Each structure stands twice: as structure tokens, then as C-alpha cells.
Amino acid sequence: MSCDADIVKLQGTPLDVSSAIEGIGVGDSGAIAIFLGITRRDSDSLGRELVALDYEAYLEMAENQMRGLVEEARRRWQIGRAVLLHRTGFVKVGEPSVLVAVSTPHRAEAFEACRFLIDQLKAQATIWKKEVWADGSTSWVDGQRK
Amino acid sequence: MRVRLRLFAILRERTGISETEIEIAEGMTVAMAVEEVGRRFVMIADLLPRAAAAVNLAYAGRQDLLHDGDELALIPPVSGG
């Protein structure tokens, strides 16, 4: 069962942790696990610095997939609320591109469910990123390489 | 019959097309449609063997049949997160 109060969304605006987790500690929740993926500082073999990652998604399919993952997580763990947010567009070095938050009665389930959601999202969701380098050049990240 | 074709990421960038309609024969499989896409858009033909396909928002097998009005999306290896 998914829950109407779960939040699953791709968005072009910055991810805000405190508003994302507001009110998710419902019912018998005793733990909230939060995962943030951020753009890692990087340079390539030519010494160019990474400026940002530029995210693109097949929005309708990715949101369906993300809702499916939350439903699957709800079958496996006792979840109060789940939040799964992913950026589209430019995400500069150090800024978050993905946010997962899960409330559960105890911490072990929160960590497990959170890890399941981020691992499955990365493996399946129809989202792509392109590296944007300081000299303006770009390169698509190959999903099987990273 | 007509199928809506959607292209993403490197496939979209190389073709300059994110969505279009293609006319294909009745009874075509996903594999046959992908071959047709490769003939029409030769600049991505080398990438198509590694692209997955989705029909109407769900991953599809190469042998699945297409129907008039379907949305066929070609999905390069994903890299979200």
C-alpha cells in the first residue's frame, strides 16, 4: 500500500530538507532516516573541474517507478511516511540532487528502507545526468560506469 | 500504425528530437521498431543496442508487440541519484 501522504516528486527547484521532512514523524514513529545525494567535486584526466551535474528525466515514468519503490518498501518495512525527491536541471557541486527520508518505529528499519529506496532509484529510475565542466564542455554519465 | 517515440539524454541530444511520431507496420515488435529508429536516425544507431525500451511508461522486452497509439521510449543506461 502506498500512502497519500507520501511525497514522490521530481523538481527543478532546490531540495529543502527541513520542509521535506516536516510532519513525517507520524503515529508510532521513533526514527527518521534521511539520505541526501550531492554533486561531488571532481576533475577529469585533463584537469578540468566539474561545475555541476545537469539532470534530465522521463518524468512520468520516473515518478511511477519511484511510487512503485515506495510501495515495495511499505510491503517490506513498517513505514510511517516516505519522501523521495529528485532534482532535474543544474545541480552545482555540493548541492543535493536526491533526498530520501523514511520514518519508522525503530532506527534499523529506517536505515534499511532508506538504503533500499536510494539503491533501487539509482538502478532503475529513468533519470540521467550530464557532467558540466568549467570550460563549458559536457559529458553524459554512463550508468554502467558509475 | 503510428507510435509516439520519445528520446532522452544522449539520444535526444544527438538527434535534436525529444519526441516525434513514427509510422510503422502493423504487428511490429519493439526490436523491429528500434531497428527502424536506427535507420531513420543513423547518428544514434551505435547506441541503440545498449538502450532499454519502455512502452506506455513500463520497461518492455524486445519481442513485445507494439500497438497503434503506443508511446515507445528509448532509455539509455540510467544515471540518476
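> Outline the overall build of chain B, supporting the account with residue identities and numerical values.
A count of helical and extended segments in chain B gives two helices and five strands. From first element to last, N terminus to C terminus, chain B shows the α and β order β-α-β-α-β-β-β. For 81 residues, the compact-globule estimate of 2.2 N^0.38 gives 12 Å, and chain B sits close to it at 12 Å. Considering chain B as a whole, with its 81 residues, one finds that 32% of them fall into the buried category. Residue pairs in contact within chain B that sit at least 24 positions apart in sequence constitute 55% of those at least 6 positions apart.

> Can you explain the sheet that holds strand 5 (residues 71-75) of chain B? Please cite residues and give values.
Residues and elements named next belong to chain B. The five strands lie next to each other as 2-1-5-3-4, forming an open sheet whose pairing is mixed. The open sheet has two free edges, formed respectively by strand 2 (19-23) and strand 4 (58-60), since each of these has just one partner strand. Across the sheet, the mean angle from the axis of one strand to that of its neighbour is 35°, orientation sign disregarded. Pairing analysis gives three bridges linking strand 3 (residues 52-55) to strand 4, with the strands arranged antiparallel. Within strand 4, the position partnered with Ala53 by the bridge is Ala60. Packing of helix 2 (residues 30-40) onto the sheet brings it into contact with strand 1 (2-7), strand 2, strand 3, strand 4 and strand 5, and relative to strand 3 it is tilted by some 115°.

> Explain the interface of chain A and chain B to me, using residue names and the numbers behind them.
Listed as interface residues are 23 residues of chain A and, on the opposing side, 14 residues of chain B. The set of elements that each furnish at least two residues to the side of chain A that touches chain B consists of helix 2 (59-76), helix 3 (107-124) and strand 7 (127-133) of chain A. At four residues, helix 3 of chain A tops the list of elements feeding residues into the side of chain A that touches chain B. Split by residue class, the side of chain A that touches chain B holds ten nonpolar, seven polar and six charged.

> I'd like to hear about unusual backbone geometry, residue by residue, with values.
All names here are of chain B. Unlike most non-glycine residues, Ala9 shows phi in positive territory, near 55°. Mapped onto the elements of the fold, Ala9 is located in helix 1 (residues 9-15). Accessibility expressed as a C-beta count within 10 Å gives 27 for Ala9, which makes it buried.

> Account for the environment of A:Arg107, naming residues and giving values.
Residues and elements named next belong to chain A. Relative to the assigned elements, Arg107 resides in helix 3. When the 12 C-beta atoms within 10 Å are taken as the criterion, Arg107 is described as exposed. When the C-alpha atoms of Arg107 and Thr88 are compared, they prove to be 30 Å apart, with 19 residues separating the residues in sequence.

The rules we used
- Residues numbered from 1 in each chain as written.
- Chains lettered and ligands numbered in written order.
- Predicted model: local features only at pLDDT ≥ 70, side-chain atom pairs only at ≥ 80, totals over all residues.
- Helix = DSSP H or I, 4+ residues; strand = E, 2+ residues; numbered from the N terminus.
- Rg over C-alpha atoms; globule rule 2.2 N^0.38 Å.
- Buried ≥ 20, exposed ≤ 12 C-beta atoms within 10 Å, placed from the backbone.
- Contact = placed C-beta atoms within 7 Å.
- Pairing = 2+ DSSP bridges.
- Axes fitted to C-alpha atoms, helices over the stretch in contact; angles between N-to-C directions.
- Nonpolar A, V, L, I, M, F, W, Y, C, P; charged D, E, K, R; others polar.

Any functional reading would require information beyond the geometric quantities listed.
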